[in-house]
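A structural walkthrough
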Amino acid sequence: MINVTERRGALLSAAAGAAAVAGSYLATGWTPSFVVRPVDQAVVNLTPGPIVTFAIETLGETGHLIHIAIAVAAVVALFGAVAFAGLRVATRTDSRRVGAAVAGGGSWLLAAGLTGVSLGALGAGLPAAAVVGIGWLPRSATPTGGDTGTARDAPAVVDAVRRRTLGVVAGALGFVAATAVGRRALASGDGPLPDAPRSEGAAARLQELDAGSLAFESEDLHGMVTPIGEFYNVDIAEFDPEVTASEWSLTFTGETGSDRTVAFDELIDRPVEHRAITLRCVGEDLNGRKLDNAVWTGTPIRPLLESVDPQGDCNCAMLRGEDGYYVQFPVDVLAQGFLAWGMNGKELPSGHGHPVRVLIPGHWGETNVKWLSEIELLNVEEDGYWEERGWEGTGEVKTVAKLWDEGVTELGDGRIELAGHAYAGTRGIERVEVSTDGGETWTDADLSEALPDDDVWRQWRHVFEADGEREVVVRAVDGEGTLQTREESGSVPSGASGWVRRTVG
Ligand SMILES: Nc1nc2c(c(=O)[nH]1)N[C@H]1C(S)=C(S)[C@@H](COP(=O)(O)O)O[C@H]1N2
Ligand SMILES: [Mo]
């Protein structure tokens, strides 16, 4: 049987655990120093490949939420156990101070142990100490006289204890809620991203893309360039690594004539380019939203690569990021790539690989390593993170024409505008064809201007008279004249294929 005291202890401990986690979040925000992060990392690492694949394929964002929820629950339980010990010690020693010190000090140690950051860990320690310090009651004040006994005591005493407990628990939950809301507001007030070093030429590139773009009726449909805050995001971890430009370096290792480490200042001193490069994730649905375009500021990889004299037998390299991500593909492909420190003229935001990421034209998103730290030249091919989990996503992108919800607009005069983006990597898009009769007949859509030398999507637009329900189908033809594959397949393992179709009108 659980008696009143035990229930009270459990409730207070849970409240203290939640308050400790919230306090850590208040101190650190959603950064690697937040106590949930190491546990989340463990959850990710311990999850078997097929489940990760299932989560991506079937659950999508829900999959992320689930593993975050598991990690948060585990961390609340850990801090709850420390608080519970604090309550016990308080009762043993009959001292509120000692109990609070044990709960607070223990939580601080636990947080510091988990994150390695001792100052931020105070954020976890203080609320835990407060909950235990305020919540604990001496034997003389509890109905059952402390640790053991049953609730046979005077109703007035029971009531007073209950009020005290609920007050402390409500206070702790209020703290959790205020922290969750307040910290987010604080983070979004971080202000605009600074301009990237040597990004002066990016503005001209952005204007050039703008000038060649189609005007859409729908205001929600992206133009040629995706705004930074709306650019899609795919990460293996819930927490972005925090790497400052002065800490950052890139090391070439493995089968090289000579290893080499490049620092940030050295990198940005190299010849600068501003390139439009579109990214698409191999894991997205045929008509999914993990396709975006930006203008990136950076420097070509080829000269750096040649300077280390790659010598491996497989002509292949493993790239690694600070988050533990790794991907392997041919050196020839890497040599066409780009090391970027700017996005649409701004410093790379943390979610897109601050301070430096790789961009590989025409290849699936997973080759574009963020928070890049190492390029290892190999002798033998090895699987990357996603390849170990069953994907084949290091090759060239498939051709696709999208028709998103925002791309269908009733113009009010009986006509409907269909609009979207089409992408075929470095092959380019030659034509987008639209059918409004389920694929019987086809019309060429209007296209935004073709941009040479880039790896960038094109916009398409087609207006037609709406006369009842129509089945619309769209398909693209790439710059080599090849029609988008008709045969339908899911995204696993090498990207979705088929033609996007939807009912309109
Ligand atoms: N270090 C690192 N790089 C990474 C990833 C990652 O999880 N970690 N995800 C890859 C995948 S699968 C894709 S589709 C792109 C997405 O880039 P974005 O988040 O900037 O859109 O980054 C790639 N680079
Ligand atoms: Mo991806």
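Throughout, residues of each chain are indexed from 1 in the direction in which the sequence is written. Written order determines the labels here, with chains lettered from A and ligands numbered from 1. Per-residue local features are limited, in this predicted model, to residues with pLDDT of at least 70; the limit for side-chain atom pairs, both in listing and counting, is 80 or more; totals at the level of whole chains, interfaces and linings are taken over all residues. The basis for the side-chain values is all heavy atoms of the structure; hydrogens and waters are excluded.

1. A few points about the overall build of the protein chain
- When helices and strands are tallied, the protein chain shows 11 helices and 19 strands.
- With respect to the principal axes defined by its C-alpha atoms, the protein chain has extents near 85 × 65 × 40 Å.
- Out of the 505 residues in the protein chain, the part that is buried amounts to 51%.
- Summarising the internal contacts of the protein chain: among those between residues at least 6 apart in sequence, 75% fall at separations of at least 24. Numbering of helices and strands starts at the N terminus; helices are DSSP runs of H or I of at least 4 residues and strands are runs of E of at least 2. Burial classification: accessible surface area is computed with a 1.4 Å probe over protein chains only, and a residue below 20% of its type maximum counts as buried, one above 50% as exposed, and the rest as partly exposed. Only heavy atoms matter for contacts: two residues are in contact if any of them lie within 4.5 Å across the pair.

2. Regarding the packing of aromatic side chains
- Ring geometry is summarised as follows: Phe, Tyr and Trp rings, the Trp one being its six-membered ring, pair when their centres sit within 6.5 Å, and such pairs are stacked at plane angles under 30 degrees, edge-to-face over 60 and tilted between the two. By the definition in use, this model includes 12 aromatic pairs.
- On the basis of an interplanar angle of 50° and a centroid distance of 5.3 Å, the ring pair of Y25 and F34 is categorised as tilted. Of the two residues, Y25 and F34, neither departs from the other in class, the shared state being buried.
- Taking 5.7 Å as the distance between ring centres and 15° as the angle between the ring planes, the aromatic pair formed by F231 and Y232 counts as stacked.
- F231 sits in the buried class, given a relative accessible area of 6%.
- The buried category is assigned to Y232, whose relative accessible area is 12%.
- One aromatic cluster is present, formed by Y25, W30, F34 and F239 through successive ring pairs.
- Comment: the charge-over-ring label is applied if NZ (Lys) or CZ (Arg) is within 6 Å of the ring centre and within 35 degrees of the ring normal. Over the ring of W442 we find R475; its NZ or CZ atom is 3.6 Å from the centre of that ring.

3. Things to note about the site of ligand 1
- Lining the immediate surroundings of ligand 1 are 19 residues, of which Y232, D323, H352, R357 and K370 lie closest.
- A distance of 3.1 Å separates a nitrogen atom of ligand 1 from a polar backbone atom of V234.
- What qualifies as a polar contact is a pair of N or O atoms within 3.5 Å, subject to a donor-acceptor requirement within protein and to the restriction that residues adjacent in sequence count only when both atoms come from side chains. One of the side-chain nitrogen or oxygen atoms of R357 is found 2.7 Å away from an oxygen atom of ligand 1.
- Accessibility throughout is a Shrake-Rupley quantity obtained with a 1.4 Å probe, and a residue counts as covered only by protein chains that appear here. Against a free-state accessible area of 530 Å², the protein chains account for coverage of 99% of ligand 1.
- Across the shell around ligand 1, the residue classes tally to 10 nonpolar, 4 polar and 5 charged. Proximity criterion: a residue is near a molecule or strand once any of its heavy atoms comes within 4 Å of it. Ten residue types, Ala, Val, Leu, Ile, Met, Phe, Trp, Tyr, Cys and Pro, are classed as nonpolar, four, Asp, Glu, Lys and Arg, as charged, and the remainder, Gly among them, as polar.

4. Comments concerning the environment of A100
- Within the fold, A100 resides in helix 5 (residues 96–115).
- On the accessibility criterion, A100 (15% relative accessible area) is buried.
- For the pair A100 and R270, spaced 170 residues apart in sequence, the C-alpha to C-alpha distance is 56 Å.

5. Examining the UniProt feature "transmembrane region" (unreviewed entry) in the protein chain
- UniProt positions are given in the numbering used here, feature names are shortened, and annotations may be inferred rather than shown by experiment. Mapped onto this numbering, the UniProt entry annotates "transmembrane region" (unreviewed entry) at residues 65–87 and 108–137.
- Its end C-alpha atoms 32 Å apart, residues 65–87 is made of 100% helix and 0% strand.
- Along residues 108–137 the backbone is 73% helical and 0% strand, and the end-to-end C-alpha distance reaches 23 Å.

6. Section: the pairing of strand 1 (residues 249–254)
- Looking at chain direction, strand 1 and strand 2 (residues 260–263) are connected through 4 bridges and run antiparallel. Following the sheet pairing, F252 is matched in strand 2 by R260.
- The pairing criterion is simple: DSSP has to find at least two bridges between the two strands. The hairpin turn running from strand 1 into strand 2, its antiparallel successor, is 5 residues long.
- Sheet topology note: the strand 1/strand 10 (residues 372–378) ladder contains 4 bridges and is parallel. Looking across to strand 10, one finds that T251 is bridged to E374.

7. Regarding a nonpolar patch on the surface
- Only residues whose relative accessible area exceeds 30% and that form no salt bridge enter a patch; like-charged residues are grouped when within 9 Å of one another, and nonpolar side chains (Val, Leu, Ile, Met, Phe, Trp, Tyr) when within 5 Å. Salt-bridge detection follows one rule: a side-chain nitrogen of Lys or Arg within 4 Å of a carboxyl oxygen of Asp or Glu. On the surface, W108, L109, L119, L122 and L126 cluster together into a nonpolar patch covering about 530 Å² of accessible area.
- Put simply, the parts of the chain that give the nonpolar patch at least two residues each are helix 5 and helix 6 (122–135).
- In this fold, W108 is placed in helix 5.

8. Brief notes about the domain arrangement of the protein chain
- Per the annotation, domain bounds derive from an automatic or database assignment of domains. Examined at the domain level, the protein chain breaks down into domain 1 (6–188), domain 2 (202–389) and domain 3 (400–504).
- Computed from C-alpha coordinates alone, the two centres of domain 1 and domain 2 are separated by 39 Å.
- Contact residues are listed per partner, giving 17 residues for domain 1 and 13 residues for domain 2.
- Here the quantity called buried area is the accessible surface, traced with a 1.4 Å probe, that two parts lose on coming together, added over both. Summing the contributions of domain 1 and of domain 2, the shared interface buries around 1200 Å²; its carbon and sulfur component is 58%.
- For the pair domain 1 and domain 2, the number of links is 0 salt bridges.
- The interface formed by domain 1 and domain 2 includes 2 residue pairs in polar contact (both at pLDDT 80 or more).
- When residues of the side of domain 1 that touches domain 2 are traced back to their parent elements, those giving at least two are helix 2 (36–46), helix 3 (49–59) and helix 4 (61–93).
- With 5 residues, helix 2 is the largest single contributor of residues to the side of domain 1 that touches domain 2.
- Class assignment for the residues of the side of domain 1 that touches domain 2 results in 8 nonpolar, 6 polar and 3 charged.

9. Considering the state of the cysteines
- Any pair of cysteine sulfurs within 2.5 Å is marked as a disulfide. Per the counting criterion, the structure on display carries 1 disulfide.
- Shown here is the disulfide that connects C314 with C316, its sulfur atoms set 2.0 Å apart. In this structure, the disulfide formed by C314 and C316 twists by about -80° around the S-S bond and is classed as left-handed.

10. Structural notes on the pattern of salt bridges
- With the rule as written, the count across this model stands at 23 salt bridges.
- Between K370 and D235 there is a salt bridge, with its nearest N and O atoms 2.5 Å apart. Within this pair, whereas K370 is found in the loop between strand 9 (357–359) and strand 10, its partner D235 is found in the loop between helix 8 (202–211) and strand 1, the two being separated by 135 residues in sequence. Accessibility assignment for this pair places K370 and D235 in one class, buried.
- With a shortest N-O distance of 2.9 Å, R431 and E433 are connected by a salt bridge.
- The exposure class of E433 is buried, given its relative accessible area of 8%.
- In the salt-bridge network here, residues are joined through shared partners; they are E430, R431, E433, D444 and R475.

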